[in-house]
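Analysis of the macromolecular model
Chain residues, written in single-letter form:
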Amino acid sequence: MPAMLTDVARIIAGASRGAVLTGAGISAESGVPTFRGKEGLWGKFRPEELATMDAFLSNPKIVWEWYNWRRELMAGVEPNPGHYALRDLAGYFDRFTIITQNVDNLHRLAGSEDVLELHGNIYRNKCADCNRQHDMDADVDPETIPSCAFCGGKIRPDVVWFGEMLPAEAIDRAFAEAEQSEVFLSVGTSALVHPAASLPVAAKRRGATLVEINPDETPLTSLADYYFPACAGGVLPDLVAAVRNAAGTP
Ligand code: OAD
């Protein structure tokens, strides 16, 4: 087993609190496209036309068509070994929080329980005016967008758009978990979008061991104590096996 993996496993086996920040890269092996990079969504589409409140106000039909397309894309998708490994890794800590920028629901589908969704969830809808969540999780017909039963506002996907605040409760807890973690993993994120990208930095500043898993280097790489230049679906199951060894559990 590679020395770096054994070292990280030993640190995890001796820790009681941990957290992980995940990004689109962890779902790439499930077939969900990432945002940046060669095949990334933001190379083909303009975020300001699809993922902002201004876009929704000026052309809600196009915005809904884009989200319905992404929902369809994700419909047949399943968690991959990386998601399952994070679920299993949680069992080696007293407390382990998954902080995700992903809206694809795959951590929950893999069976993880403590999941903070910083950028919302593509399967939920809410009112664009009063923010109340709506049960209508089925696709919305872009030609006849339903209105909020409470205030009459237009229904939109419950995701965070550019220029919007993150859900306060989720981001506050994410910082608290990061700052109290002894081990913090950054997995499959370009670490470019804030405030999420500040979480690993906050954890490291408070003394956490910082571990990064990403085939490409990011602004975080030079700060990481351990950097695995590889895919999450390969490294994470190996890490869980190494932690199992280090913890002496069968
Ligand atoms: P990005 O698309 O910016 O970055 C994905 C990262 O995953 C890249 O650094 C890849 O190198 C890495 N990667 C690709 N395949 C991988 C694999 N198999 N295993 C591990 N890593 C892999 O996605 P995010 O960092 O999640 O926000 O993007 C952050 C936010 O920007 C998103 O939540 C979205 C986007 O605009 C909003 O929509 C608000």
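**Structural notes on the state of the cysteines**
Each disulfide is one covalent bond, formed between the sulfur atoms of two cysteines. As enumerated under the stated definition, the model contains zero disulfides in all. The thiol of Cys127 is not disulfide-bonded; the next cysteine sulfur, from Cys151, is found 3.5 Å away. Using a relative accessible area of 0% as the deciding quantity, one classes Cys127 as buried. This cysteine, Cys130, is not joined by any disulfide, and Cys148 carries the nearest cysteine sulfur, 3.8 Å off. Exposure remark for Cys130: the relative accessible area of 29% places this residue in the partly exposed category.

**Details of the sheet that holds strand S7 (residues 183-187)**
Sheet architecture is open: six strands sit in the order S3-S2-S1-S7-S8-S9, paired in parallel fashion. The outermost strands of the open sheet, each flanked by one partner alone, are strand S3 (115-117) and strand S9 (226-228). Pairs of neighbouring strands in the sheet enclose a mean axial angle of 15°, with direction left out of account. Here strand S8 (residues 209-213) runs beside S9; their pairing, made up of three bridges, is parallel. Of the residues in S9, the one forming a bridge with Val211 is Tyr226. The strands that helix H6 (residues 81-89) touches are strand S1 (17-22), strand S2 (95-100) and S7; relative to S2, the one it contacts most, it runs at about 150°. Across the sheet, helix H8 (residues 168-180) is in contact with S1, S2, S3 and S7; its angle to S2 comes to roughly 130°.

**A short note on the pattern of salt bridges**
Taken as a whole and judged by the stated rule, the model has 18 salt bridges. In this structure, Lys61 and Glu65 form a salt bridge, with 3.2 Å as the shortest nitrogen-oxygen distance. Taken together, the residues span about one helical turn, with Lys61 and Glu65 both in helix H5 (residues 60-75) at a distance of four residues. Under the relative-accessibility criterion, Lys61 is labelled partly exposed at 31%. Look at Glu65 and you get partly exposed, because its relative accessible area is 37%. The shortest N-O distance in the salt bridge between Lys61 and Glu143 comes to 3.6 Å.

**What about the domain arrangement of the protein?**
What the domain assignment lists for the protein is domain 1 (3-32 + 78-119 + 165-247) and domain 2 (33-76 + 125-159). When each unit is reduced to the centre of its C-alpha atoms, the spacing between domain 1 and domain 2 is 27 Å. Buried area between domain 1 and domain 2, summed over both chains or domains, comes out near 760 Å², and the portion from carbon and sulfur atoms is 70%. The largest contributions to the domain 1 side of the interface with domain 2 come from Ala24, Val32 and Val103, which together make up 50% of the buried area. Viewed at the interface, domain 2 and domain 1 are joined by zero salt bridges. Put simply, domain 1 and domain 2 have zero residue pairs in polar contact (both at pLDDT 80 or more) between them. Each residue belonging to the side of domain 1 that touches domain 2 can be placed in one class, and the counts come to six nonpolar, four polar and two charged.

Calculation rules
Residues numbered from 1 in each chain as written. Predicted model: local features only at pLDDT ≥ 70, side-chain atom pairs only at ≥ 80, totals over all residues. Heavy atoms only, no water. Disulfide = S-S within 2.5 Å. Buried < 20%, exposed > 50% of the residue type's maximum accessible area, 1.4 Å probe, protein only. Pairing = 2+ DSSP bridges. Helix = DSSP H or I, 4+ residues; strand = E, 2+ residues; numbered from the N terminus. Axes fitted to C-alpha atoms, helices over the stretch in contact; angles between N-to-C directions. Contact = heavy atoms within 4.5 Å. Salt bridge = Lys/Arg side-chain N within 4 Å of Asp/Glu carboxyl O. Domains from an automatic or database assignment. Buried area = accessible area lost by both parts, 1.4 Å probe. Polar contact = N/O pair within 3.5 Å; in protein donor to acceptor, adjacent residues only side chain to side chain. Nonpolar A, V, L, I, M, F, W, Y, C, P; charged D, E, K, R; others polar.

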